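Listed here are the chains, written in short residue letters.
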Amino acid sequence: MKRTISSILLGAALCCSSSIWAEKGVKQINPQFLSDEAAKEYLISGGYYENWGEFDIMSRVRRMTTLDSIKLFAQQQVYSWDDSAKESVEESVKQMNEMIQENGYNLPLPANVPFIRTSMREEGGAAAYTRKDGIVMGYRAHYMGVELVAHELFHTLTRNNPKFKKEMYNLIGFKILKKEIEVPVSFKNKIITNPDVEHHNAYATFTINGEKKDCTMYIYSNEEWRGGSFFNYMKIGLVEIDKKKCKAILKDGEPIIHSIEDATDFYDIVGRNTGYVIDPEEILADNFSYIFYGDPSSDLGKSIQKLLKK
Ligand SMILES: [Zn+2]
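Residues numbered from 1 in each chain as written. Predicted model: local features only at pLDDT ≥ 70, side-chain atom pairs only at ≥ 80, totals over all residues.

## Overview of helix 10 (residues 280-292)
Okay, step 1: The end-to-end C-alpha separation of helix 10 is 19 Å, in line with the 18 Å expected for 13 residues at 1.5 Å each.
Okay, step 2: Most of helix 10 sits out of view: 13 of its 13 residues are buried.
Okay, step 3: Following helix 10 by one or two positions, G294 has its phi on the positive side, about 115°. (Helix = DSSP H or I, 4+ residues; strand = E, 2+ residues; numbered from the N terminus. Expected span 1.5 Å × (residues − 1). Buried ≥ 20, exposed ≤ 12 C-beta atoms within 10 Å, placed from the backbone.)

## Some thoughts on the confidence of the model for the protein chain
Detailed conclusions should not be drawn from predicted coordinates in areas where pLDDT is low.
Okay, step 1: When pLDDT is averaged along the protein chain, the result is 93; 93% of the residues meet or exceed 70.
Okay, step 2: Within the model, pLDDT remains below 50 along residues 5-18, and this stretch shows 26 contacts once partners closer than five positions in the same chain are excluded. (pLDDT = per-residue confidence, 0-100. Contact = placed C-beta atoms within 7 Å.)

## Quick look at the nonpolar core
Considering soluble globular proteins, one finds that nonpolar side chains tend to be buried as a cluster.
Okay, step 1: Within the largest apolar cluster, 79 residues are counted, with the highest numbers of intra-cluster contacts made by A128, I135, V149, A150 and L153.
Okay, step 2: The greatest single-element share of this core, amounting to seven residues, is contributed by helix 10.
Okay, step 3: Here this core gathers at least three residues from each of two domains, domain 1 (5-161 + 279-308) and domain 2 (175-270).
Okay, step 4: Apart from the residues lying within four places of it in its own chain, the contact partners of I135 are V113, F115, A128, T130, V149, E152, L153 and T156. (Core = buried A, V, L, I, M, F, W, Y, C linked by C-beta atoms within 7 Å. Domains from an automatic or database assignment.)

## Focus on unusual backbone geometry
Across residues other than glycine, the phi torsion is negative in most instances, and most of the peptide bonds are trans.
Okay, step 1: Positive phi outside glycine occurs at R62, with the angle close to 75°.
Okay, step 2: Inspection of the secondary structure puts R62 in the loop between helix 3 (54-61) and helix 4 (67-76).
Okay, step 3: For R62, a count of 11 C-beta atoms within 10 Å translates into the label exposed.
Okay, step 4: Even without a glycine there, the phi angle at M120 is positive, about 75°.
Okay, step 5: Among the structural elements, M120 can be located in the loop between strand 3 (113-118) and strand 4 (128-131).

## Quick word on the packing of helix 2 (residues 36-44) against helix 4
To characterise two packed helices, one gives the angle between the axes of the helices and the distance between these axes.
Okay, step 1: In the contact formed by helix 2 and helix 4, the axes pass within 9 Å of each other and the chain directions differ by 140°. Compared by their axis directions, helix 2 and helix 4 come out oblique. Handedness of the helix 2/helix 4 crossing: right-handed. The segment helix 2 lies against helix 4, with K40, L43 and I44 engaging K71, A74 and Q75.
Okay, step 2: Counted by class, the contact of helix 2 with helix 4 contains three nonpolar, one polar and two charged residues. (Axes fitted to C-alpha atoms, helices over the stretch in contact; angles between N-to-C directions. Parallel < 35°, antiparallel > 145°, perpendicular 65-115°, else oblique. Left-handed = near helix turned anticlockwise from the far one by under 90°. Nonpolar A, V, L, I, M, F, W, Y, C, P; charged D, E, K, R; others polar.)

## Describing the pairing of strand 4
Okay, step 1: Burial along strand 4 is two-sided: the face carrying A128 and T130 and the face carrying Y129 and R131 are both buried.
Okay, step 2: Bridging between strand 4 and strand 5 (residues 134-138) involves four bridges; their strand directions are antiparallel. Within strand 5, the residue paired with A128 across the bridge is M137.
Okay, step 3: The turn linking strand 4 back onto strand 5 is made up of two residues, and K132 within it adopts a positive phi angle of 50°. (Pairing = 2+ DSSP bridges.)

## Here's the deal with the environment of I304
Okay, step 1: Relative to the assigned elements, I304 resides in helix 11 (residues 299-308).
Okay, step 2: For I304, a count of 22 C-beta atoms within 10 Å corresponds to the buried category.
Okay, step 3: Not counting the four nearest positions on each side in its chain, I304 is found in contact with L171, N287, F288 and I291.

## Comments concerning the domain arrangement of the protein chain
Okay, step 1: Segmentation of the protein chain into domains returns domain 1 (5-161 + 279-308) and domain 2 (175-270).
Okay, step 2: Taking only C-alpha atoms into account, the centre of domain 1 sits 24 Å from that of domain 2.
Okay, step 3: At the junction of the two partners, domain 1 supplies 21 residues and domain 2 supplies 20 residues.
Okay, step 4: If you list the elements that add at least two residues to the side of domain 1 that touches domain 2, you get helix 3, strand 4, helix 6 (145-160) and helix 10.
Okay, step 5: Among the elements that take part in the side of domain 1 that touches domain 2, helix 3 stands out by supplying five residues, more than any other.
Okay, step 6: Here the side of domain 1 that touches domain 2 is composed, by residue class, of seven nonpolar, seven polar and seven charged.

Dropping the structure here:
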């Protein structure tokens, strides 16, 4: 997920067939622009809406309602692709494919990458997000070019390739658990679900009050929804977990949540290459996008390039 277009604008191979994630043998990004009908079906597949809690529903649909109504609302946001928007995306993909070929990057790509266009009302006015193998873009977001497509592509690659995800997350000190991390329903109802973080199974060890604590990251709201985009409510929490039980550690029935500032070594662990530190998935997606757009010369950028050439 990328925040709104305005904030983004302000802020901001042919080899290796024997490589570890080349099983699928797809060596370039093949965009597939879905028709409106196909896009509507694609959006509601994959079980995403089934996992929403109360804050998710209120902040997106404005009232507590049925799953069918939620899905219908998402489908109603589909925008048709026009030639000019398609050409913008195709140009971004062309530039990325040239870089993949020139540098011998090996990505675990699907046969086709579906592209869907929406109003983004279903995701708080985000610029773009992903679903399964597909990239969902706001109706104006095609102007954001390679930076956005590369960022979103990363989410589809980690979602569908656990080995790739594990190795990428290791680069910023995060480990992947075998199961989803359990949290109580009371906390689930405060979570702001990021469509690009489908699996909550990653943690890192941070120093908090002088002690080492295993924590996962959550985006949540401390307040009830009372209008506006969920982006205005976002709090980022380091939630203490019991990594053996894959559960949040509870105190009086609630998770123990620290802020990023509470962890004295947070930025030493995840790096300082992006301000978008809302989840390891987003930190890595930005750093991955720098390989195609921007400056990949940081230590993390070099490590990612090395991994992509494996
Ligand atoms: Zn993202």
